[in-house]
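The lines below spell out each chain.
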Amino acid sequence: MRLLRAWAAGLPAYLWSGWGAIASLLLLFAAWEAVSLIYGPLVMPDPRSAFGTLLGLIESGAAWPELAATARRAMSGYALSLVAGSFLGLLAGLSMTASMMSRPLVTVLMGTPPIAWLVLAMLWFGASDGTPVFTVFVAAFPVIFIGALQGTRTLDNQLRGMAEAFRLPRRMMFTDVYLPHVVSYLFPAWIAALGTSWKVVVMAELLATQDGVGAALAASRSHLDTAATMAWIAAVVGLLLAVEYLVLEPIKREVERWREQGR
Amino acid sequence: MSVSCPTDTRPRELRVDGLNHAFGRDEVLAGIGFRLPAGEVAALVGPSGCGKTTLLHLAAGLLTVQEGQVSNGFDTTAFMFQQPRLLPWQTALDNIALGLKAAGLARAERHRRARGIGLRLGLAPRDLDKFPHQLSGGMQSRVALARALVLAPDLLLLDEPFSALDVGLKEELYRLLLDHQAARAMGVLMITHDLMEAVRLSDAILLMAPAPGRIVCRFELDVPAAQRDDAWVYRHTAELLQNAVVRDAFGMPPLMTGAVAAGAPAAGEQAAETPVTGMPAGGSHASALRLVATPDPALARSVSRCGG
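A short tour of the structure in this document, coming up. (Residues numbered from 1 in each chain as written. Chains lettered and ligands numbered in written order. Predicted model: local features only at pLDDT ≥ 70, side-chain atom pairs only at ≥ 80, totals over all residues. Heavy atoms only, no water.)

1. A look at the nonpolar core
Formed by 56 residues in total, the largest nonpolar core has its most connected members in Ile96(B), Leu156(B), Ile205(B) and Leu207(B). If we skip the residues at most four places from it in the chain, Leu156(B) touches Ala78(B), Ala148(B), Leu149(B), Leu177(B), Met186(B), Gly187(B), Val188(B) and Leu189(B). If you look at the next biggest cluster of nonpolar residues, it comprises 43 residues, including Met162(A), Ala165(A), Ala59(B) and Leu206(B). (Core = buried A, V, L, I, M, F, W, Y, C linked by side-chain atoms within 4.5 Å. Buried < 20%, exposed > 50% of the residue type's maximum accessible area, 1.4 Å probe, protein only. Contact = heavy atoms within 4.5 Å.)

Here it is, written out as structure tokens:
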């Protein structure tokens, strides 16, 4: 509740500070328009027709089911990796041996391209929801795992000694010393993993499913409909930006106010 | 922690007897014994690595006693570390109130007490709402001192808390500490390797020597700390620095001037083997200067060792 109020109160100032970001986005649109003027609408439709197509898709109601299917898969995979990655990362961080052993494994996971996982997932799960959900999970898991692992590994011995000297009970040890520290590592990892999930799910859908934004992109590609392609891309990126900058970033600012530099 | 036990009838004092401690095969402390009654400020002085911090942690119950006895008859004990060690994610006010929260006090009450002591230690009201990284080093030290004093401890253990501060700040915090100490008859055991700080603040100075860490002698200062002026502190610090036992403990060569050094050969680095003038001479010399070396019975072993 306190968090919600702080979020609402900070929003106007935060949005105001976004003018710079909006200006640079408009520069991008200008470049986009320039490219479409030079190469013609088949290679690159101009922004107005792309957004017009998107508006048409939304008004006709065609956009929502696809977006909902994509969001459902992305969020399922993301939620799984969030729970498993946080929990296992914390556990591994508690033991020196476990963290030493898990590091190379996680590096292997991180280094394997998502497309390779997607091929495997298609063999295992076929055209079901399992394919994109699994691919998202595998792509997002190591990011969160590493965040949780580092959070536990870097717990400060000095603060622990201080907490002992002031005879903090076990519960306070957790809520006042361990948790805030670990969350400060976990939260950025959660945000990074969300971006990864959203990108990977579209890729997985493109190759493996019959519905969702990825499938719609595949269809527009086969119709050589670049305006629709750009419309779908704009929808996916816009949604990600909205979630990240309107919801997660303000929460992060509020939660990590103690990290702010300067005054 | 073998610290608080309000119902017992032990005297209000910290008593350490025959304390030995080792980390693995390294003997860190050997035969440590002293007594710190309520209202007394004692300084543990000695070169780096002579086990001062280990001794303080044993006294605080942060380490387990291996051999010997630590008995703490004070009701509440607070500890102040060398670094502020504040929780970076809590405001100064919440940091000060940490120990009260651990003791189960309600939020409003612990904030009221924390605010009171914070203001008394020279923190501005808006400083209390800041996070540690927004405060200067001196302000962080005040917060750390407030966090210890807000518990209204009977015994305060200090591990070189002022070593990183400038002279002006040190003086101010000394004064705040002494005011608080005198008002509550608090026992204070502090580590320092700054002899001037020890002479400025303490009623007794316990001199430690390394390898293994042991107390080699005890100086008593019979002028109340509040009545000492700068000249007094300088004079007695210089006095202490000329004392043969002190020079030996810090590995300094014996003085070559004056009667004291007349019989001493130039020994160079082998301080441990350098003959030092014995306690009696030091004692009679110092009593006129109010620095009294007392061969405490508990210290007899180590004193006789350093007295030759």
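Additional details are given in the paragraphs that follow.
2. Overview of the side chain of Gln90(B)
Its place among the elements puts Gln90(B) in the loop between strand S5 (77-80) and helix H2 (92-96). Accessibility expressed as a relative area gives 12% for Gln90(B), which makes it buried. At 3.0 Å, the side chain of Gln90(B) forms a polar contact with the side chain of Asp176(A). Residue contacts for Gln90(B): discarding those within four places in its chain leaves Asp176(A), Asn95(B), Leu98(B), Phe131(B) and Pro132(B). (Helix = DSSP H or I, 4+ residues; strand = E, 2+ residues; numbered from the N terminus. Polar contact = N/O pair within 3.5 Å; in protein donor to acceptor, adjacent residues only side chain to side chain.)

3. Quick word on the interface of chain B and chain A
With 25 residues of chain B at the contact, the number on the chain A side is 22 residues. Taking both sides of the interface into account, the surface hidden between chain B and chain A amounts to around 2200 Å²; carbon and sulfur atoms contribute 64%. Together, Arg85(B), Trp89(B) and His133(B) form the three largest contributors to the area buried by chain B at its contact with chain A, with a combined 29%. Summed over the shared surface of chain B and chain A, the result is one salt bridge. (Buried area = accessible area lost by both parts, 1.4 Å probe. Salt bridge = Lys/Arg side-chain N within 4 Å of Asp/Glu carboxyl O.)

4. Structural notes on the sheet that holds strand S1 (residues 13-23) of chain B
All names here are of chain B. With respect to topology, three strands assemble into an open sheet ordered S2-S1-S4, the strand pairing being antiparallel. The sheet is open, and its two edges are formed by strand S2 (26-37) and strand S4 (67-72), each paired on a single side. Averaged over all neighbouring strand pairs, the angle between strand axes comes to 15°, with direction disregarded. Bridging between S1 and S4 involves five bridges; their strand directions are antiparallel. In the sheet register, Asp17 faces S4, and the bridge partner there is Gln69. (Pairing = 2+ DSSP bridges. Axes fitted to C-alpha atoms, helices over the stretch in contact; angles between N-to-C directions.)

5. Section: the environment of Ser81(A)
For Ser81(A), the location among the structural elements is in helix H4 (residues 63-94). When the C-alpha positions of Ser81(A) and Phe134(A) are compared, they lie 9.5 Å apart, and in sequence the two are 53 residues distant.

6. Observations concerning the packing of helix H5 (residues 96-111) of chain A against helix H7 (residues 130-153) of chain A
Residues and elements named next belong to chain A. Put simply, H5 and H7 touch, their axes get as near as 10 Å, and they point 155° apart. In terms of orientation, H5 and H7 fall into the roughly antiparallel class. In this structure, H5 crosses over H7, and the sense of that crossing is left-handed. Side by side, H5 and H7 meet where Met96, Ser99, Ser102, Arg103, Val106, Leu109 and Met110 of the first sit next to Phe141, Pro142, Val143, Phe145, Ile146, Leu149, Gln150 and Arg153 of the second. Split by residue class, the contact of H5 with H7 holds 10 nonpolar, three polar and two charged. (Parallel < 35°, antiparallel > 145°, perpendicular 65-115°, else oblique. Left-handed = near helix turned anticlockwise from the far one by under 90°. Nonpolar A, V, L, I, M, F, W, Y, C, P; charged D, E, K, R; others polar.)

7. Concerning helix H8 (residues 157-165) of chain A
Within H8(A), burial applies to Leu159(A), Gly161(A), Met162(A), Ala163(A) and Ala165(A). Positive backbone phi, approximately 50°, marks Arg167(A), located one or two places after H8(A).

8. A word on the packing of aromatic side chains
All names here are of chain A. Using the criterion set out here, one finds 11 aromatic pairs over all chains in the structure. Ring centres 6.0 Å apart and planes at 50° place the aromatic pair Trp32 and Phe51 in the tilted group. Remark: Phe51 occurs in helix H3 (residues 47-60) and Trp32 occurs in helix H2 (residues 19-39); sequence separation between them is 19 residues. Here Phe51 falls in the partly exposed class, since its relative accessible area comes to 33%. Pairing Phe137 with Phe141 gives two aromatic rings, centres 5.6 Å apart and planes at 35°, and the pair type is tilted. Separated by four residues within a single helix, Phe137 and Phe141 lie in helix H7, roughly one turn from each other. For Phe137, a relative accessible area of 23% puts it in the partly exposed group. (Phe/Tyr/Trp six-rings, centres within 6.5 Å; stacked < 30°, edge-to-face > 60°.)

9. Focus: a nonpolar patch on the surface
All names here are of chain A. Together, Leu25, Leu28, Ile233, Val237, Leu241 and Tyr245 give the surface a local cluster of nonpolar side chains, amounting to about 510 Å² of exposed area. Within the residue set of the nonpolar patch, elements represented by two or more residues are H2 and helix H11 (226-255). Of the residues forming the nonpolar patch, the biggest block, four residues, is contributed by H11. You can see Val237 is positioned in helix H11. Overall, Val237 belongs to the partly exposed group, its relative accessible area being 42%. (Patch = residues over 30% accessible without salt bridge, like charges linked within 9 Å, V, L, I, M, F, W, Y side chains within 5 Å. Areas by Shrake-Rupley, 256 points an atom, 1.4 Å probe, with all protein chains shown as cover.)

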